[in-house]
Amino acid sequence: MADILVYVPNSGKSAAETLTLGRSLGQVSAVAFDDSAASLAAEYGAAKVYRVTAEGADDYFVDPKASVLIDLAGRVGPDAFLLPGTDEGRALVARLAVALDSGFLTDVSGLDAEGTATQDIFAGATVTTSKITKGINLATVKPGAVNAEPAPAEPETEAVDAAVAETDKRVKIAERVDEPAGDRPGLAEADVVVSGGRGVGSAEDFALIERVADALGGAVGASRAATDAGYYPHKFQVGQTGTTVSPQLYVAAGISGAIQHRAGMQTSRVIVAVNKDVDAPIFGMSDFGVVGDLFQVLPQALEEIEKRK
Ligand SMILES: Cc1cc2nc3c(=O)[nH]c(=O)nc-3n(C[C@H](O)[C@H](O)[C@H](O)COP(=O)(O)OP(=O)(O)OC[C@H]3O[C@@H](n4cnc5c(N)ncnc54)[C@H](O)[C@@H]3O)c2cc1C
């Protein structure tokens, strides 16, 4: 059975998805830097957990963690090493590739036992298959591309004590700002995302988008035109240069469906579009489309949702 090493940064959805993909390839050993990550690894079927204590590692950019992962990869000699496709995962995978003298792939949406990976490219318009020809199957997994499936296990745990080397203290983190979490789920992890576009017309009217999202227990998203216009904060932008989402339900209201927006939401399971222009491109990719003014359609939808609760 293939040995698969998985970096588990936390107990989030991307980590669960990466563990699930790892499990489909072989026996998973997880690398966890805290207890919540170790618990997630057990919940998602890891056979072994390397529970790392690296005092002070969080005070620096990824270098101390990269050194731990490089050491473990050298010791374990895995057939594949998977990391979540987060900013941190991408920074780590590049360092691993250099240190292990291996090729690597980012944002894979699938990987098979032979090492053939699929990636969505050109804003999701094309799917490519690729294979690493040098080193191990080292890859980051695209958030939302794999359905996370729990498989509770009782993994063997090995404690790893790591000291932070002076050479890994190149970039010190000066400040961390914790954003209030709020009641809504995180955009990248939500099962339902309700997004508004330029058609919403103002920051005040985004309250309607929020009400629909709250009625469905979902997150709020926005197109770039909406965030650029100041209707909603930039961190909620969905698309090529925003967050990639893949919820069970994506509602696009007053969004035309430009390719850069589609790149961030087209893998959603069910897409519902509300747009007053019957020719809006978003209808070409929607499962359900309502041609109409969102200020008439969404309040009616809200009424129906409330009735059915
Ligand atoms: C390099 C690059 C990266 C980009 N990255 C992103 C990205 O990450 N995410 C992103 O979203 N865009 C991105 N864009 C911008 C993208 O090309 C589009 O300009 C943008 O997505 C348009 O947003 P929109 O659909 O809200 O606005 P518009 O294209 O102006 O569409 C507004 C829609 O609202 C409809 N409408 C108006 N009023 C109503 C109403 N009352 N009821 C119902 N419908 C109504 C209109 O019919 C129209 O279809 C990027 C562009 C570039 C060049």
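These lines cover the structure that appears in this document, whether it is placed above or below. Keep in mind that what you see is a predicted model, and the values were worked out from it rather than measured. (Residues numbered from 1 in each chain as written. Predicted model: local features only at pLDDT ≥ 70, side-chain atom pairs only at ≥ 80, totals over all residues. Heavy atoms only, no water.)

A word on the site of the ligand
Neighbouring residues of the ligand: 25 residues in total, closest Arg198, Ser223, Thr241, Ser256 and Asn275. Interatomic distance of 2.6 Å between a side-chain N/O atom of serine 256 and an oxygen atom of the ligand. Between the ligand and the protein, one listed contact pairs a nitrogen atom with a side-chain N or O atom of aspartate 293 at 3.1 Å. In the complex, the protein chains occlude 75% of the 980 Å² of accessible area that the ligand would expose alone. Secondary structure elements with two or more residues in the shell around the ligand: α6 (224-228), α7 (259-262) and α8 (294-308). Residue composition of the shell around the ligand, grouped by class: six nonpolar, 14 polar and five charged. (Near = heavy atom within 4 Å. Polar contact = N/O pair within 3.5 Å; in protein donor to acceptor, adjacent residues only side chain to side chain. Areas by Shrake-Rupley, 256 points an atom, 1.4 Å probe, with all protein chains shown as cover. Helix = DSSP H or I, 4+ residues; strand = E, 2+ residues; numbered from the N terminus. Nonpolar A, V, L, I, M, F, W, Y, C, P; charged D, E, K, R; others polar.)

Notes on the packing of aromatic side chains
Two descriptors summarise a pair of aromatic rings, namely the distance from one centre to the other and the angle between the planes of the rings. Evaluation of the coordinates by the stated rule reveals three aromatic pairs. Relative to phenylalanine 33, the ring of tyrosine 7 has its centre 6.1 Å away and its plane inclined at 80°; by these criteria the two rings are edge-to-face. One end of the pair, tyrosine 7, is in strand β1 (residues 3-8); the other, phenylalanine 33, is in the loop between β2 (27-32) and α2 (35-43), and 26 residues separate them in sequence. Take tyrosine 7: its relative accessible area is 1%, and that puts it in the buried class. Here the aromatic rings of phenylalanine 206 and tyrosine 232 are separated by 4.7 Å at their centres, their planes lie at 20°, and the arrangement is stacked. (Phe/Tyr/Trp six-rings, centres within 6.5 Å; stacked < 30°, edge-to-face > 60°. Buried < 20%, exposed > 50% of the residue type's maximum accessible area, 1.4 Å probe, protein only.)

Details of the sheet that holds β2
With mixed pairing, nine strands are arranged side by side in an open sheet as β7-β6-β5-β8-β4-β1-β2-β3-β9. Strands with a single pairing partner mark the edges of an open sheet, and in this sheet they are β7 (126-131) and β9 (156-161). Within this sheet the neighbouring strands show an average axis-to-axis angle of 35°, counted without direction. The strands that α2 touches are β1, β2 and β3 (48-53); relative to β3, the one it contacts most, it runs at about 175°. (Pairing = 2+ DSSP bridges. Axes fitted to C-alpha atoms, helices over the stretch in contact; angles between N-to-C directions. Contact = heavy atoms within 4.5 Å.)

Re the pairing of strand β6 (residues 116-121)
Examined bridge by bridge, strand β5 (residues 105-111) and β6 share three bridges and lie antiparallel to one another. What sits directly across from glycine 110, in β6, is threonine 118. Hairpin connection between β5 and β6: a loop of four residues separates the two successive antiparallel strands, and glycine 115 in this loop has a positive phi of roughly 90°. Bridge count between β6 and β7: six bridges; the pairing is antiparallel. Residue pairing in the sheet places isoleucine 121 in a bridge with threonine 126 of β7.

Some details on the nonpolar core
Counting residues in hydrophobic clusters, the biggest one holds 28 residues, and the most contacted among them are Val8, Leu19 and Leu82. Of all elements in the fold, only β1, α1 (13-25), β2, α2, β4 (80-84), β5 and β8 (137-141) reach the threshold of two or more residues within this core. A total of five residues in this core trace back to one element, the largest contributor, which is α1. Discounting chain neighbours no more than four positions away, the residues touching valine 8 are Ala15, Leu19, Ala30, Val31, Ala32, Phe33, Ala37 and Leu40. Judged by nonpolar contacts, the second largest core, of 26 residues, contains Ala57, Val62, Ala66 and Val93. (Core = buried A, V, L, I, M, F, W, Y, C linked by side-chain atoms within 4.5 Å.)

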